[in-house]
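The lines below spell out each chain.
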Amino acid sequence: MLVLALWSVFLTVVTQAVEAQVTVYGQIPLAQQSPTTTAGQAPVATLPAYDATVLTPPPPPETPINQLRFEMPREAAQAQGLSIPHKGSSFFGFSIEMSVITQTIGKNSTHLFPPFLNLMSNIVERAGSVMIRLGGNTQEYAKFHEGLFDDGRITQKEDSGSKQTTETPAVLYTIDMFRMAANISSLLNVKWFLGLPFNDTSTFHLDMAEYGQTILGDNLLALQAGNEPDLYVAHQKRPEGWGVADYTSELNRMLGVVDSNDKMPVKNKFVAPSISQPDWNDIWNSGFVNTFKDRLFALTVERYPNNNCFMQFGAGTFVDPQALFPQFLSHKYSTDLLANYLDVSRIAQEASLPFVMFETNTGSCGGFPGLSQSYGAALWILDYGLQMAYSNFTNALLHLGGQNVYYNPWISPPTNQTAFNQWTVGSSFYPPMIIAEVFGKSDTARIVDLRAASDFTPAYAIYERDVLTKFALFNFINDPAGNNNIDVSISIPNAGVPDSVKVKYFLADSVQAKMGLTWAGQTFGNNFEADGRLKGALNVTTVNCDRTANVCHIPLRAPSFALVFMDSNEATEVGQATATFATTAFTKGHNTIKADPSLVAMSNGHGGKERLKLGSTSHGSVEKNAASRGVEVVQSLCVLVSAMFGGWVVSRGFMR
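The structure presented is a predicted model; accordingly, all values stated were derived computationally and were not measured. (Residues numbered from 1 in each chain as written. Predicted model: local features only at pLDDT ≥ 70, side-chain atom pairs only at ≥ 80, totals over all residues. Heavy atoms only, no water.)

## Observations regarding the packing of helix H3 (residues 114–127) against helix H13 (residues 430–439)
Argument step 1. Viewed as axis vectors pointing N to C, H3 and H13 meet at an angle of 15 degrees, and their least axial separation amounts to 8 Å. One way to sum up the angle between H3 and H13 is to call them roughly parallel. The crossing of H3 and H13 is left-handed. Across the interface between the two elements, Asn122, Ile123, Arg126 and Ala127 from H3 touch Pro432, Met433, Ala436 and Glu437 from H13.
Argument step 2. Partitioning the contact of H3 with H13 into residue classes produces five nonpolar, one polar and two charged. (Axes fitted to C-alpha atoms, helices over the stretch in contact; angles between N-to-C directions. Helix = DSSP H or I, 4+ residues; strand = E, 2+ residues; numbered from the N terminus. Parallel < 35°, antiparallel > 145°, perpendicular 65-115°, else oblique. Left-handed = near helix turned anticlockwise from the far one by under 90°. Contact = heavy atoms within 4.5 Å. Nonpolar A, V, L, I, M, F, W, Y, C, P; charged D, E, K, R; others polar.)

## Describing the sheet that holds strand E14 (residues 395–400)
Argument step 1. The eight strands are arranged E2-E5-E9-E10-E11-E12-E13-E14 in a closed barrel whose pairing can be described as parallel. Neighbouring strand axes in the sheet, compared pairwise and without regard to direction, differ in orientation by 25 degrees on average.
Argument step 2. Two elements, strand E5 (residues 130–135) and strand E9 (residues 190–196), share five bridges in a ladder whose sense is parallel. If you follow valine 130 over to E9, its bridge partner there is valine 190.
Argument step 3. Here helix H6 (residues 244–259) sits on the sheet and contacts E9, strand E10 (220–225) and strand E11 (270–275); the angle it forms with E11, its principal contact strand, is near 160 degrees. (Pairing = 2+ DSSP bridges.)

## With respect to the sheet that holds strand E6 (residues 143–144)
Argument step 1. As summarised here, the arrangement of the three strands in space is E6-E8-E7, forming an open sheet in which the pairing is mixed. Only two strands of the sheet have a single partner each, and these edge strands are E6 and strand E7 (155–158).
Argument step 2. Pairing analysis gives four bridges linking E7 to strand E8 (residues 170–173), with the strands arranged antiparallel. By the bridge assignment for E8, glutamine 156 is matched with leucine 172.

## Brief notes about the environment of threonine 214
Argument step 1. As for its placement among the helices and strands, threonine 214 is situated in helix H5 (residues 207–216).
Argument step 2. Using a relative accessible area of 60% as the deciding quantity, one classes threonine 214 as exposed.
Argument step 3. In sequence terms threonine 214 and lysine 263 are 49 residues apart; their C-alpha atoms lie 7.8 Å from each other.
Argument step 4. A polar contact of 2.8 Å, which involves the side chain of threonine 214, links it to the backbone oxygen of glutamate 210. (Buried < 20%, exposed > 50% of the residue type's maximum accessible area, 1.4 Å probe, protein only. Polar contact = N/O pair within 3.5 Å; in protein donor to acceptor, adjacent residues only side chain to side chain.)

## Some remarks on the side chain of threonine 424
Argument step 1. For threonine 424, the location among the structural elements is in strand E16 (residues 424–425).
Argument step 2. Given a relative accessible area of 4%, threonine 424 falls into the buried group.
Argument step 3. Separated by 3.0 Å, the side chain of threonine 424 and the backbone nitrogen of phenylalanine 528 make a polar contact.
Argument step 4. Sequence-distant contacts of threonine 424, defined by excluding residues within four places in its chain, comprise Ala49, Tyr50, Pro409, Trp410, Ile411, Asn527 and Phe528.

## Some points on the pattern of salt bridges
Argument step 1. Summed over all chains, the structure comprises 17 salt bridges.
Argument step 2. Salt-bridge contacts for arginine 346 lead to glutamate 350; the nearest nitrogen and oxygen are separated by 3.1 Å. On the criterion of helical spacing, the pair formed by arginine 346 and glutamate 350 is a turn pair, its members being four residues apart in helix H11 (residues 342–350).
Argument step 3. Residue classification places glutamate 350 among the exposed residues on the basis of a relative accessible area of 58%.
Argument step 4. Sharing partners across several salt bridges, the network here consists of Arg126, Glu437 and Lys504. (Salt bridge = Lys/Arg side-chain N within 4 Å of Asp/Glu carboxyl O.)

## Here we look at the nonpolar core
Argument step 1. Ranked by size, the top nonpolar core spans 163 residues in total, and within it Phe471, Leu473, Phe506 and Ile554 carry the most contacts.
Argument step 2. Discounting chain neighbours no more than four positions away, the residues touching isoleucine 554 are Leu473, Ile486, Asp487, Val488, Ile490, Val501, Val503, Tyr505, Val543 and Val564.
Argument step 3. Counting residues in hydrophobic clusters, the runner-up holds nine residues, among them Val271, Val356, Phe358 and Leu397. (Core = buried A, V, L, I, M, F, W, Y, C linked by side-chain atoms within 4.5 Å.)

## Side note on H5
Argument step 1. Listing the buried residues of H5 in full gives Met208, Ala209, Glu210, Gly212, Gln213 and Leu216.
Argument step 2. Glycine 217, located one to two residues past H5, shows a positive phi value of around 60 degrees.

## Notes on the pairing of strand E21 (residues 500–507)
Argument step 1. With six of its eight residues buried, E21 lies for the most part within the structure.
Argument step 2. Bridge count between E21 and strand E23 (residues 541–544): four bridges; the pairing is antiparallel. Along E23, the bridge assignment pairs lysine 502 with threonine 542.
Argument step 3. Across five bridges, E21 lies against strand E25 (residues 560–565) in antiparallel orientation. Residue pairing in the sheet places valine 503 in a bridge with valine 564 of E25.
Argument step 4. Sheet topology places E21 next to strand E22 (residues 518–519); two bridges connect them, and they run antiparallel. Bridge assignment links leucine 507 to a residue of E22, and that residue is threonine 518.

## Points about the state of the cysteines
Argument step 1. This model, assessed by the stated rule, comprises two disulfides.
Argument step 2. A disulfide bridge connects cysteine 309 with cysteine 365, and the sulfur atoms are separated by 2.0 Å. Between cysteine 309 and cysteine 365, the S-S torsion sits near 75 degrees, and that sign places the bridge as right-handed. Here the residue cysteine 309 occupies a position in helix H8 (residues 309–313), and cysteine 365 occupies one in the loop between strand E13 (355–360) and helix H12 (375–390), the gap between them amounting to 56 residues. The same class applies to cysteine 309 as to cysteine 365, namely buried. (Disulfide = S-S within 2.5 Å.)

## Some details on H6
Argument step 1. For H6, with 16 residues, the first-to-last C-alpha span of 23 Å sits near the 22 Å given by 1.5 Å per residue.
Argument step 2. Listed in full, the buried residues belonging to H6 are Val244, Tyr247, Thr248, Glu250, Leu251, Met254, Leu255 and Val258. Along the long axis of H6, the arc covered by the buried residues comes to 165 degrees, so they all point the same way.
Argument step 3. On its buried face, H6 sits against E9, E10, E11 and helix H7 (288–292). (Expected span 1.5 Å × (residues − 1). Arc of directions from axis to C-beta.)

So this is what it looks like as structure tokens:
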């Protein structure tokens with residue numbers, strides 16, 4: 001019995017003395033594990049911003065499309081229907097909901113997010129500058145807050161009592177928001193729009209304008225005077241019967257307050273009317289433009305092709321994203337949407353004002369699961385943007401709404417996942433970057449829709465400095481069998497084709513794909529993999545032309561987009577931007593060094609006495625390796641138990 005008792009004591013002490021330490025490599029956090037997760041897939045999360053839904057692609061057309069032919073003159077003077085010149089900034093900018101600034105740009109003026117800066121650097125490298133709007137529905141209830149918030153952030157939400165569909169919160173903002181924007185503009189050529197609150201027009205709150213003009217200076221492009229006033233009645237911000245004349249009166253009164261405000265030296269940089277519905281189209285014939293054109297920076301509208309308000313907020317009627325998906329894979333979806341604005345773009349030109357699509361994306365109320373971040377949606381945004389440029393919009397702003405929407409061009413990981421996740425760059429970021437490359441920095445780019453025979457294959461020609469420089473070619477068809485891979489023949493009269501052209505492709509495996517998107521062979525990565533920099537080798541394809549036949553044959557697989565550079569000497573080697581940004585702030589106080597897990601997992605090739613000399617990587621245990629302490633205790637106990645056991649045996653022998 002004594003032996004058993006001693007053995008029990010021995011096991012108990014040894015168990016307590018030895019600390020088992022196990023390192024697990026490549027562990028997916030529990031919150032992201034899913035029964036359907038397989039190798040190579042991004043981790044699944046429940047927030048809409050990281051939606052993992054995948055739709056079913058529409059079938060290819062019954063009659064395959066294999067060939068397209070376009071002939072365009074070399075000189076712009078001989079081309080019909082060219083747009084206005086696009087100049088001054090990237091065509092696509094971004095509209096950021098005011099309540100999510102700290103999810104998308106930075107925490108405050110001293111804590112800017114490097115992935116955001118890297119993304120903007122990729123736009124600026126191609127276009128020279130980029131426009132960003134801080135506003136949206138949340139600007140209407142925005143209030144200036146003296147001092148700083150305890151957590152160091154520049155904004156904070158509170159209940160606004162709003163009755164509108166999107167249940168918009170009020171946003172409290174501090175002076176540091178303007179300093180943050182100014183610091184960004186000191187690093188990159190970013191220009192800003194700010195939104196004025198219009199919820200209380202009995203007393204106009206102009207802190208946004210005063211601090212914006214003082215701190216941002218010339219980097220502040222303009223101030224938005226009212227966001228979607230045509231929806232004020234529906235959202236119970238104004239009484240029944242309130243309309244165009246009432247909004248015009250309120251805008252007049254606001255300008256009167258501005259004129260008497262010494263803190264606003266610039267009094268003619270506003271954008272309006274920012275309407276979103278055709279019901280208010282009579283504003284264009286009401287004298288509004290002539291009344292305010294000397295006070296306006298630009299005429300603005302806001303428009304989404306559809307809405308997901310029923311699923312998000314229980315308003316309106318249900319829209320099935322699967323049924324909607326084929327519409328996004330058609331050129332007609334863009335041309336029909338923009339037909340309503342052709343007269344307005346003419347009015348803007350007559351008034352010598354820019355015409356800006358101030359907020360848009362794949363669907364209001366947050367976009368659609370499976371659709372808004374698909375490759376097919378990115379192709380549509382690309383076609384939509386080029387069609388807006390052809391329709392003489394001067395710029396368009398893609399909206400970001402935070403982690404509760406599906407359509408973000410980029411978004412940070414949830415705050416409790418920043419230790420193991422990077423950012424997510426959505427498919428909708430690629431079109432602004434690509435269009436920045438389409439128009440470049442010449443300030444002379446003009447575009448024309450080539451009116452291809454099929455809505456599945458839109459095509460455009462681009463002229464710069466009055467010479468044909470590029471073709472933009474689409475294939476919306478999803479066809480894994482390759483029966484709708486297209487040979488596009490490009491010709492220029494009078495034996496005008498060059499010896500060769502260069503081509504950049506925007507590719508993914510299918511229109512429903514949400515991962516593996518590449519532009520000229522480079523990618524930002526999948527969900528939770530991005531730092532804002534393009535990864536991979538740049539791949540620019542050289543296509544030799546047949547000068548005898550005066551034709552260049554451009555392969556266009558199903559699906560894909562191709563940007564064809566007609567001048568093979570043109571600088572096409574634009575990949576990852578030259579200017580990059582790395583973090584200088586850390587939230588972890590220890591174990592911040594990273595190494596390839598596959599190498600670390602095989603690196604503990606020590607044995608014997610060497611292991612006893614090793615320290616620990618566990619916080620608080622660097623004084624002495626736990627394993628060596630356990631070995632020492634075990635050795636001592638073995639000696640003790642052996643002595644006791646031997647003594648017992650000897651005593652038993654004498655007793656016998």
